[in-house]
Amino acid sequence: MYIISRQKQEKNHSMEQGSTSVPPHVLVFPFPVQSHVNVMLNLAEIFSISGFQITFLIPDHIQTGPRFDQISLRFARYPAFYFQAISDGLPLDHPRTGDRVKELFDSINVTTKPQFRNVLKSRALSSNSRAPLTCIIADGIMSFTIDIAQNFGIPTVLFRPFSATCFWTLFCVPKLIQAGELPLKEDSDMDRLVENIPGMERVLRVRDLPSFCRVEDAADPQLQHVVSETHRATGAHSLILNTLEDLEEPALARIRANFPKLYVIGPLHGYFRPLWSPNSLNEQHRSCIEWLDDQPLKSVVFVSFGNMTVLKSQQLVEFWYGLVNSGKPFLWVVPANLTAGCRIPTELIEGSGKSGKVVDWAPQEEVLSHPATGGFLTHGGWNSTLESIYEGVPMICWPFYADQQVNSRLVEEVWRVGVDMKDICDRKTVEKAVRELMEVRREEFLKSSKDIARLARKSISEGGSSYANLDCLIKDIKHMNYANST
Ligand code: UDP
């Protein structure tokens, strides 16, 4: 709906303006992993529909990967949309998984940073009838963009595709260190409530802090990196968060006090939701949907741990037994990254039998919106969490890294839309969690999931807070463009 009304709005606007006004040109620069690229593609598409020129810096491993054809087809309809490849410095087939993210941070620093400077220095961006850059929208974990772009007189807007609560938690880490709540000690009580994150005093336990905080040295380079990136965001022109006021109000109120120019515009995928077409799926992925078509209403547990989780062979087996023993039908995505090259247990390949289907990728948004899907066993990645919330599907969360520890706590304790299975994955716990989700507390979870889905849908509809903020962002970029050209 949003997309259609924006298309109409833009058509009227350009008819009024005639063809003389030069549109804004935005350089979009995602962190080089699939989920960050996906969500920034959504934002970039909204800008394209708004008449902007877009240069999208696409990581070369994604541009040469199996799903780029579909991406390229999707954007072929926008003549002012350009992909420009950039390297993260790692070999194309190198695993970009959560357990190895430090390698990515390091190689971005060595390789991508100078490449980015060269992109701005070269005239390539303003050739091919592209206008000079109006602004850069970069992933918030790459704050080096702020200083480099400033040297070229270009403002940087940072986009952090994490939950606001995780962003706020990372922002408060120096305070936690000062108060002696971090670093952890060998005998730290992981169930103690954390005291020094304003607004979260009754919510977050030590075990719910972002995975980067699970260190016994405050100078841990990865922790220091994510915390300093979060603080450096204050130097950006503004900050975009893919969430909504009703979900994360306590964190957002406090972030706003430090970032007066904050655009809260999510859930971004929802703007496209009514437009997606089952015909865009290939044969293999259509088979998931056909399988779901044969299952009873709200009976299936969809299992997916995203693109960056790695499980040990034994953990795969425990999840598998838990699911099979629960007796519920399940659709499980087991991509190559999940097993990190280890042997996939034969039980899983051969033994899923009638009740389970195992695939290497699934059209997740479509699966979550399918009437047969009744629950989602997820790692609690922010995109997966938002997609599940939007479809009103209750969750079991087994967080792996980054913001997932925070998100899974919000799922259970704040929104009450599921079970947090953090730090445990034996077959009994998995089975119990599945039964709670699908039988014991089913009505309770379905009700709160429905309520929260309504809020998410409202926020991106006309009159909703995210809808209004997105309009504001688009107007502000147009204004930057106008100010640059006069
Ligand atoms: N996804 C998908 N199909 C799959 C696995 C993942 O479409 O089989 C998409 C999913 O819809 C979500 C993203 O990949 O948009 C995963 O993002 P998230 O932030 O949840 O996790 P990450 O991959 O960053 O760990």
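Residues numbered from 1 in each chain as written. Predicted model: local features only at pLDDT ≥ 70, side-chain atom pairs only at ≥ 80, totals over all residues. Heavy atoms only, no water.

In the annotation of an unreviewed UniProt entry, the protein is listed under the name Glycosyltransferase and assigned to Sesamum indicum. Annotation of the protein in UniProt includes, under Sequence similarities (unreviewed entry), the sentence "Belongs to the UDP-glycosyltransferase family." (UniProt positions renumbered as here; feature names shortened; annotations may be inferred.)

Asker: I would appreciate a short explanation of the environment of Lys447 in the present structure.
Answerer: Inspection of the secondary structure assignment puts Lys447 in helix H19 (residues 442-459). Judged by its relative accessible area of 54%, Lys447 is exposed. Along the backbone, Lys447 and Gly392 are 55 residues apart, and their C-alpha atoms lie at a distance of 8.7 Å. (Helix = DSSP H or I, 4+ residues; strand = E, 2+ residues; numbered from the N terminus. Buried < 20%, exposed > 50% of the residue type's maximum accessible area, 1.4 Å probe, protein only.)

Asker: Sorry if this is basic, but what is going on with the nonpolar core here?
Answerer: In globular proteins that are soluble, nonpolar side chains generally tend to be buried together. Within the largest apolar cluster, 133 residues are counted, with the highest numbers of intra-cluster contacts made by Phe56, Leu120 and Ile137. In terms of residues, this core owes the most to one element, helix H2 (residues 34-49), which gives nine residues. In this structure Phe56 touches Val28, Pro30, Val37, Met40, Leu41, Ala44, Phe81, Tyr82, Phe83 and Gln84, once residues within four positions along its chain are discounted. If you look at the next biggest cluster of nonpolar residues, it comprises 25 residues, including Leu311, Leu316, Met421 and Leu437. (Core = buried A, V, L, I, M, F, W, Y, C linked by side-chain atoms within 4.5 Å. Contact = heavy atoms within 4.5 Å.)

Asker: I keep staring at the sheet that holds strand E8 (residues 300-304) and nothing clicks. Help me out?
Answerer: By way of backbone hydrogen bonds, the strands of a sheet pair with one another, either parallel or antiparallel. Read across the sheet, six strands follow the order E10-E9-E8-E11-E12-E13 without closing on themselves; strand pairing throughout is parallel. Only two strands of the sheet have a single neighbouring strand rather than two, namely strand E10 (356-359) and strand E13 (418-420). The mean inter-strand angle of the sheet, taken between neighbouring strand axes irrespective of direction, is 15°. In this sheet, strand E12 (residues 395-397) lies alongside strand E11 (residues 373-378) in parallel orientation, the contact comprising three bridges. In the strand pairing of E12, Leu377 is matched with Ile396. Across the sheet, helix H17 (residues 404-414) is in contact with E12 and E13; its angle to E13 comes to roughly 130°. (Pairing = 2+ DSSP bridges. Axes fitted to C-alpha atoms, helices over the stretch in contact; angles between N-to-C directions.)

Asker: What is the right way to look at the site of the ligand in this model?
Answerer: Around the ligand lies a shell of 16 residues, among which Ser35, Asn307, Ala362, Ser384 and Glu387 are the nearest. Asn383 is positioned with one of its side-chain polar atoms (N or O) 2.9 Å from an oxygen atom of the ligand. Interatomic distance of 2.6 Å between a side-chain N/O atom of Glu387 and an oxygen atom of the ligand. A total of 540 Å² of accessible area belongs to the ligand in isolation, and the protein chains cover 92% of it. No other element matches the four residues that helix H16 (residues 382-391) contributes to the shell around the ligand. In the shell around the ligand, the residues fall into five nonpolar, ten polar and one charged. (Near = heavy atom within 4 Å. Polar contact = N/O pair within 3.5 Å; in protein donor to acceptor, adjacent residues only side chain to side chain. Areas by Shrake-Rupley, 256 points an atom, 1.4 Å probe, with all protein chains shown as cover. Nonpolar A, V, L, I, M, F, W, Y, C, P; charged D, E, K, R; others polar.)

Asker: Explanation requested: the pattern of salt bridges in the structure shown.
Answerer: A side chain with one charge can pair with a side chain of the opposite charge if their charged atoms come near. Scanning all chains against the criterion turns up 30 salt bridges. Between Arg273 and Glu391 there is a salt bridge, with the nearest N and O atoms lying 2.6 Å from each other. With a gap of 118 residues between them, Arg273 in the loop between strand E7 (262-264) and helix H11 (283-293) and Glu391 in helix H16 connect regions that are remote in the sequence. For Arg273, a relative accessible area of 15% gives the class buried. A residue is classified by how much of its surface remains accessible, and Glu391, at 16% relative accessible area, is buried. Of the charged contacts, one joins Glu391 and Arg457 as a salt bridge, the two residues approaching to 3.3 Å between their closest N and O atoms. With Glu391 in helix H16 and Arg457 in helix H19, this pair connects stretches of sequence that are 66 residues apart. The class for Arg457 is partly exposed, based on a relative accessible area of 36%. (Salt bridge = Lys/Arg side-chain N within 4 Å of Asp/Glu carboxyl O.)

Asker: I'm lost on the packing of aromatic side chains in this one. Help?
Answerer: Any two aromatic rings considered together are summarised by their centre-to-centre distance and by the angle between their planes. Taken as a whole and assessed by the stated rule, the structure comprises 23 aromatic pairs. Between the aromatic rings of Phe29 and Phe116, the centroid separation amounts to 5.0 Å while the plane-to-plane angle is 15°, which identifies the pairing as stacked. Placement of the pair is Phe29 in strand E1 (residues 25-29) and Phe116 in helix H5 (residues 101-121), with a sequence separation of 87 residues. Overall, Phe29 belongs to the buried group, its relative accessible area being 1%. Look at Trp168 and Phe171: their rings are 5.7 Å apart centre to centre, the planes differ by 20°, and that puts the pair in the stacked class. You can see Trp168 and its partner Phe171 sitting in helix H7 (residues 164-171), three residues apart, about one turn around the helix. Every member of this aromatic cluster is reached through a ring pair, and the members are Phe56, Phe68, Phe75, Tyr78, Phe81 and Phe83. (Phe/Tyr/Trp six-rings, centres within 6.5 Å; stacked < 30°, edge-to-face > 60°.)

Asker: Would you mind going over the side chain of His379 with me for this structure?
Answerer: Along the chain, His379 turns up in the loop between E11 and H16. The class for His379 is buried, based on a relative accessible area of 7%. Among the polar contacts listed, one links the side chain of His379 to the side chain of Thr378, at a separation of 3.4 Å. Not counting chain neighbours up to four residues away, the residues in contact with His379 comprise Ser304, Phe305, Gly306, Thr309, Ser384, Trp398, Pro399, Phe400 and Gln404.

Asker: Whenever I open this one, the sheet that holds strand E2 (residues 53-59) confuses me. Can you help?
Answerer: Read from one edge to the other, the open sheet built from seven strands follows the order E3-E2-E1-E4-E5-E6-E7, with strand pairing classed as parallel. Edge positions in the sheet fall to strand E3 (81-86) and E7, since each of these pairs with one other strand and no more. In this sheet, adjacent strand axes meet at a mean angle of 20° when their direction is disregarded. Pairing of E2 with E3 involves six bridges; the strand directions are parallel. When the sheet's bridge partners are listed, Ile54 is paired in E3 with Phe81. Together, E2 and E3 form the strand contacts of helix H4 (residues 68-75), whose direction differs from that of E3 by roughly 150°.

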